[in-house]
Amino acid sequence: MRYIIILLLFISVNIFAKTHGESRDALRAFAASQTSSSWSNSSSSDDDDDDDDDDDDDDGPNNNTNGYSSSGDPISVPWEFGLTWSWTDLFMSKSDKIKKENKLFYAGTSYNYQHWTPTGINNAITDTTELNFAKFELSLFFNSIYFNYETSFYGANLSKGRELLEIRNKNKSGWERFLTEVTFPFAITIDHEPIAKVYFGYDEQVFISTITSLEKKYYLPREDAGKGDLYEDVEISPGDKITTTTLFQDWVFGLKNDFHPNFQSNMGLFMIKYNKPYSLTMDGAQYSTDIYDTDFSAIGFYTNIMFDISIVYGRVGIRIGGGDVRFVAINTSVSDLVSNDYNTTYFQFNGDLGLHYNITDLIKLEASAKIESRNFSLDKPDSNEDDNIDDSKTLNLNSDFIFTAYAGISVAF
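For the structure given in this document, a descriptive report is provided here.

Rules behind the numbers
- Residues numbered from 1 in each chain as written.
- Predicted model: local features only at pLDDT ≥ 70, side-chain atom pairs only at ≥ 80, totals over all residues.
- Heavy atoms only, no water.
- Helix = DSSP H or I, 4+ residues; strand = E, 2+ residues; numbered from the N terminus.
- Buried < 20%, exposed > 50% of the residue type's maximum accessible area, 1.4 Å probe, protein only.
- 1 Å grid on protein atoms, 1.4 Å probe; cavity = no way out; pocket = protein on both sides within 12 Å on 5 of 7 lines; lining within 4 Å.
- Points joined across faces, edges and corners; volume = space filled by probe spheres on them.
- Nonpolar A, V, L, I, M, F, W, Y, C, P; charged D, E, K, R; others polar.
- Core = buried A, V, L, I, M, F, W, Y, C linked by side-chain atoms within 4.5 Å.
- Contact = heavy atoms within 4.5 Å.
- Patch = residues over 30% accessible without salt bridge, like charges linked within 9 Å, V, L, I, M, F, W, Y side chains within 5 Å.
- Areas by Shrake-Rupley, 256 points an atom, 1.4 Å probe, with all protein chains shown as cover.
- Salt bridge = Lys/Arg side-chain N within 4 Å of Asp/Glu carboxyl O.
- Pairing = 2+ DSSP bridges.

**Topic: the overall build of the protein**
A count of helical and extended segments in the protein gives 3 helices and 19 strands. Here the protein, with 413 residues, has 39% of them falling under the buried criterion.

Okay, structure coming up:
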């Protein structure tokens, strides 16, 4: 029975691999034309030269794994790890001066602006709707009771702005405000001094994009996923528009140190996911005949360094990891179209700068600006680090730039 199941799986995989042949082959041909110049045809003849020398010192006197020194005495560790449980100090860290999640009462009003600039599609105009709105918030009992009201500012894009606010509010659920940042009620300590807390965070951003084609193209929408050979290209004539909603989702899980009043840091694991229409692009060269609904995702490591000095505060952070760029309708990733020498990687840079001023112990003024640069690329490592030729290569696949501005006043206790 086991062999029958394996045989059926093998047959189904082969049948699925034959679907979407024309579209996938065309993409693969384009991808090969952009990456073939970096493939190395050289062969290495020195791979085994040093194989016999690697293990010569395995039994040397310094290879001690039993926790004892060469004299036989136990090795003393000058520090010790521990955990400290707390339901007050951990939530009320020195940097959390007026966060609504930590207050019995919080009320605030603010102006918010956000703009998204995606990678362009050749011979097409891409317009994105800006978030431009005023917001009022009321939070009671450590954010367990929460109310907010948002309204767009008047202007040329008022109707689009209102539509974006409606989509944004529809995507948000009540439970999400609790996951903005959840700090667990314990701290990791060394010599009884707290060095880090464990926390989980979630964030999402919503945008509308409209693509106006300037030439004849073909659009493969998300709705064709799972149809196999029955998917249908939508012909796009000059002047036709594609309007879609893009949802950015970010998850983080890691450690943070915010016990110092002026400097904080955090690090850990991240995962991101978002979607948008996209034409395969490699280092500026673009296969622009087809536009695909495309899913972008990545997972990896992140770190941030924050400062808060007098009335100025800021943050610098990076994220590095492995990524995936998948064309939904034909269920094909960019990595499926290129040589196995290439890996899809992700890099993100975050930068924040702001001002805050406490008018009284209860009233606070704040303004900030934030940038995010999200980049996917194909990376090929050096095939032979021992020679004098560096044949590594990086091909840019996609970039998304998000700018956010905020100004507000709040009251909390």
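**Considering empty space enclosed by the protein**
This model, assessed by the stated rule, comprises 1 cavity of 30 Å³ or more. Taken as a whole, the largest cavity spans an internal volume of roughly 60 Å³. Counting residues per element, the ones that place at least two in the lining of the largest cavity are β2 (105-118), β7 (193-213) and β11 (263-278). When the residues that make up the lining of the largest cavity are grouped by side-chain class, the tally is 5 nonpolar, 3 polar and 1 charged.

**A look at the nonpolar core**
The biggest cluster of nonpolar side chains holds 35 residues, and the ones touching the most others in it are Leu280, Met282, Phe327, Phe376 and Leu397. At the level of secondary structure, the elements contributing two or more residues to this core comprise α2 (21-35), β7, β10 (241-257), β11, β14 (290-309), β15 (312-327), β18 (363-380) and β19 (393-412). When sequence neighbours within four positions are dropped, the list of residues in contact with leucine 397 reads Tyr278, Leu280, Thr281, Met282, Val325, Val334, Thr344, Phe376, Ser377 and Leu378.

**Quick word on a nonpolar patch on the surface**
Side chains of Val316, Ile318, Ile320, Phe347, Phe349, Ile371 and Phe401 sit close together on the surface and give an oily, nonpolar patch of about 540 Å² of accessible area. Of all elements in the fold, only β15 and β17 (343-358) reach the threshold of two or more residues within the nonpolar patch. Among the elements that take part in the nonpolar patch, β15 stands out by supplying 3 residues, more than any other. The residue isoleucine 371 is located in strand β18 in this model.

**Description of the pairing of β14**
Looking down a regular strand, the side chains alternate between one sheet face and the other. As paired elements, strand β8 (residues 217-220) and β14 share 3 bridges and run parallel to each other. Directly across from leucine 220, in β14, lies its bridge partner tyrosine 292. Pairing of β11 with β14 involves 16 bridges; the strand directions are antiparallel. For tyrosine 278, the partnering residue across the bridge sits in β14 and is tyrosine 292. Bridging between β14 and β15 involves 16 bridges; their strand directions are antiparallel. When the bridges of β15 are listed, isoleucine 309 appears paired with valine 312. As consecutive antiparallel partners, β14 and β15 are separated by 2 residues, and within that stretch serine 310 has a phi angle of approximately 60°, a positive value.

This is a description of form; function is not addressed.
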